[in-house]
Amino acid sequence: MANSDEKLELLGRSPFLAGLRRKDLEAVGRLADEVAIPAGRVLMREGETGSEFYVIIEGSVDLERGGRHVRTMGAGEFFGDIALVTERPRTATVTARTDSRMLVLGHREFHSLLDQFPAIRIAVLESIALRLRELEPDHPH
């Protein structure tokens, strides 16, 4: 697992956390648990209720919708936000493509993060808007 300086550096590299001061990154780090995920593990299933938000530190995941591969995500990207913000079922199935390290925030910690950091809230909401657009049936893949 990453030491605290490495964890802060990795957090700071994530596009949606970029621009936060060290003190703010430390607060995010305290809210999140770092976990090792083996390749092949399903992290969420489309249609299920979700209560976690993930930031990929290292490795990659595959995102599927309706059994079709939508995209591969890597370090610095995040997922799980749509279900937590909308409080609706997961919009996709996500499986670890490689052995990975991730930061995981539960429902309460995620909402605490959004409350404490308006810039993060804006980044998450912009991401959700883009992803929901990608999920529209007529969106070209």
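Residues numbered from 1 in each chain as written. Predicted model: local features only at pLDDT ≥ 70, side-chain atom pairs only at ≥ 80, totals over all residues. Heavy atoms only, no water.

A. Representation of the sheet that holds strand 6 (residues 78-79) in the model. On the basis of which strands lie adjacent, the open sheet formed by four strands has the order 1-8-3-6 and antiparallel pairing. Of all strands in the sheet, those with a lone pairing partner are strand 1 (33-37) and strand 6, marking the two edges. Where strand 1 and strand 8 (residues 100-106) come together, five bridges link them in antiparallel fashion. Looking at strand 8, one finds that Val35 is bridged to Met102. (Pairing = 2+ DSSP bridges. Helix = DSSP H or I, 4+ residues; strand = E, 2+ residues; numbered from the N terminus.)

B. Summary view of helix 1 (residues 4-13). Listing the buried residues of helix 1 in full gives Lys7, Leu8, Leu10 and Leu11. Projection of helix 1 onto a plane perpendicular to its axis shows the buried side chains occupying an angular sector of 165°, all on one side. Along its buried surface, helix 1 packs onto helix 2 (22-31), strand 1, strand 3 (52-58) and strand 8. (Buried < 20%, exposed > 50% of the residue type's maximum accessible area, 1.4 Å probe, protein only. Arc of directions from axis to C-beta. Contact = heavy atoms within 4.5 Å.)

C. View of the nonpolar core. Val28 and Ile120 are the most contacted members of the largest nonpolar core, which has 24 residues in total. Secondary-structure elements contributing two or more residues to this core are helix 1, helix 2, strand 3, helix 3 (81-86), strand 8, helix 4 (107-116) and helix 5 (118-134). The residues contacting Val28, other than those within four sequence positions of it, are Leu11, Leu17, Leu20, Leu113, Phe117 and Ile120. If you look at the next biggest cluster of nonpolar residues, it comprises 14 residues, including Ile56, Leu63, Phe79 and Val104. (Core = buried A, V, L, I, M, F, W, Y, C linked by side-chain atoms within 4.5 Å.)

D. Structural context of the environment of Leu105. Note on placement: Leu105 falls in strand 8. Counting along the chain gives 44 residues from Leu105 to Val61, while the straight-line C-alpha distance between them is 17 Å. Excluding its chain neighbours within four sequence positions, the residues that come into contact with Leu105 are Leu31, Ala32, Ser51, Glu52, Phe53, Phe110 and Leu113.

E. The arrangement of the sheet that holds strand 5 (residues 68-74) in detail. Pairing is antiparallel in the open sheet, where four strands are placed in the order 2-7-4-5. At either end of the open sheet lies a strand with only one pairing partner, and these are strand 2 (42-44) and strand 5. Averaged over all neighbouring strand pairs, the angle between strand axes comes to 30°, with direction disregarded. Both strand 4 (residues 60-65) and strand 7 (residues 93-96) contribute to a ladder of four bridges, which runs antiparallel. (Axes fitted to C-alpha atoms, helices over the stretch in contact; angles between N-to-C directions.)

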